[in-house]
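An overview of the molecular structure
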Amino acid sequence: MERRRLGRLSWRTFEPFGAEIEHDFREPLTAEERAAFRNLLFERRLLVMRGQTLSVAQQQDVAAYIGPVLRDGRGLEYISHDDGILNETRLAYHSDLAFAPEPFTALSLHAVDVVEGRTSTLFVDGVRACATLPERLKARIEGRDAVFIRPARPDTRQIDCVAPSPLLQRAREVVWTHPVTGEAVLYVNESHVAAIEGLPAAESRALLEALFDHIYDASNTVEHTWRNGDLLLWDNLALQHGRPDVTGIRPRRLQRASVAERSMVEQIPEFFATRSVPEP
């Protein structure tokens, strides 16, 4: 695609969604550049920025061009092979905190120490999936809610699973309206959705499998293969992300920034009050 420019920002788009931007993000953006950057994020949903060298605070400042950012230890600042949280297994497709009152608005990862070309993150577009949904599936999900749960395991589909706590379960629309863009989003994801409300188990299961076949089709997928210095920022309300198994591929250390008003601990304090070690 033809490269476009505004101020010091230069970018090209790629299909089926996303854009790659050239800029040294250690240099703050002007007000005009910030507006263009934010608009591009919600228009293309995934931004790729190569060759960056950012501290945690600098990465959070970039994410803050989109909205409020979790700072001062209120988010998970690093993901690595030995973090004890996500570890090395496959991560099923999900949108962060889809089961919570306030899903995160956007997420950012920055590769600070990776084996180049060996690991990747996968993305699918819920807006595009909704717009291309066959009429027979549209009719079956019209007006329906899904049961979202916090998964017990991050690597498997949660169909028919039960939330580990009633505090970690929420009914949410199968198709919801993006709060920033107003677009319709097919929001169900394999990591968090256990059932379609109001349907018998077998029918719910079959409908979810059909929806997942559509959402996770290769034509709706972008795979980003990591190199050191890569910075990604994506719309967590429109996109789902996942990861292939990365067992034994080390080192793998990525900085993380979250665009959100409240962390999971702040949103569901009753759950964490019963635990000896809070989670980010």
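Please refer to the structure placed before this passage.
Residues numbered from 1 in each chain as written. Predicted model: local features only at pLDDT ≥ 70, side-chain atom pairs only at ≥ 80, totals over all residues. Heavy atoms only, no water.

1. Quick notes on the sheet that holds strand β9 (residues 145-149)
- Strand order in the open sheet formed by three strands is β10-β9-β13, and the pairing between neighbours is antiparallel. Strand pairing shows two members of the sheet lacking a second neighbour, β10 (169-173) and β13 (193-196), which therefore form its edges. Ignoring which end each strand starts from, the neighbouring axes of this sheet average 30° apart.
- Inspection of the sheet shows β9 paired to β13 by three bridges, in the antiparallel sense. Bridging from a neighbouring strand, Phe 148 pairs with Val 193 of β13. (Pairing = 2+ DSSP bridges. Helix = DSSP H or I, 4+ residues; strand = E, 2+ residues; numbered from the N terminus. Axes fitted to C-alpha atoms, helices over the stretch in contact; angles between N-to-C directions.)

2. Some remarks on the environment of Asp 155
- Locating Asp 155 in the fold gives a position in the loop between β9 and β10.
- When the C-alpha atoms of Asp 155 and Ile 21 are compared, they prove to be 31 Å apart, with 134 residues separating the residues in sequence.
- Aside from chain neighbours lying at most four places away, what touches Asp 155 is Thr 89, Arg 90 and Ala 92.
- Side chain to side chain, Asp 155 and Arg 153 meet in a polar contact 2.7 Å long. (Contact = heavy atoms within 4.5 Å. Polar contact = N/O pair within 3.5 Å; in protein donor to acceptor, adjacent residues only side chain to side chain.)

3. Focus: helix α1 (residues 31-44)
- With 14 residues, α1 ought to run about 20 Å at 1.5 Å a step, and its terminal C-alpha atoms sit 20 Å apart, in line with that.
- Here α1 has its buried residues at Glu 33, Ala 36, Phe 37, Leu 40, Leu 41, Phe 42 and Arg 44.
- On its buried face, α1 is in contact with β1 (4-6), β2 (9-13), β3 (19-22), β4 (46-49), α2 (56-63) and β15 (231-235).
- Just beyond α1, the residue with positive phi is Arg 45, at close to 75°. (Expected span 1.5 Å × (residues − 1). Buried < 20%, exposed > 50% of the residue type's maximum accessible area, 1.4 Å probe, protein only.)

4. Topic: the layout of surface pockets
- By volume, the largest pocket is sized at about 900 Å³.
- Contributing to the lining of the largest pocket are 43 residues, with Leu 76, Ile 85, Leu 86, His 94 and Asp 96 lying nearest its centre.
- Residue assignment for the lining of the largest pocket shows that the elements contributing at least two residues are β6 (91-94), β7 (106-114), β8 (120-125), β16 (239-243) and β17 (252-259).
- Among the elements that make up the lining of the largest pocket, the one with the highest residue count is β17 (four residues).
- When the residues that make up the lining of the largest pocket are grouped by side-chain class, the tally is 22 nonpolar, twelve polar and nine charged. (1 Å grid on protein atoms, 1.4 Å probe; cavity = no way out; pocket = protein on both sides within 12 Å on 5 of 7 lines; lining within 4 Å. Points joined across faces, edges and corners; volume = space filled by probe spheres on them. Nonpolar A, V, L, I, M, F, W, Y, C, P; charged D, E, K, R; others polar.)

5. Considerations on unusual backbone geometry
- Of note, the bond from Glu 15 into Pro 16 is cis; its omega dihedral lies within 30 degrees of zero at 5°.
- Relative to the assigned elements, Pro 16 resides in the loop between β2 and β3.
- The backbone of Arg 45 shows a phi angle near 75°, a positive value even though the residue is not glycine.
- Here Arg 45 shows up in the loop between α1 and β4.
- Its relative accessible area of 10% is what places Arg 45 among the buried residues.
- Residues other than glycine seldom take positive phi values, yet Leu 97 does so here, at roughly 65°.
- Structurally, Leu 97 is set in the loop between β6 and β7.

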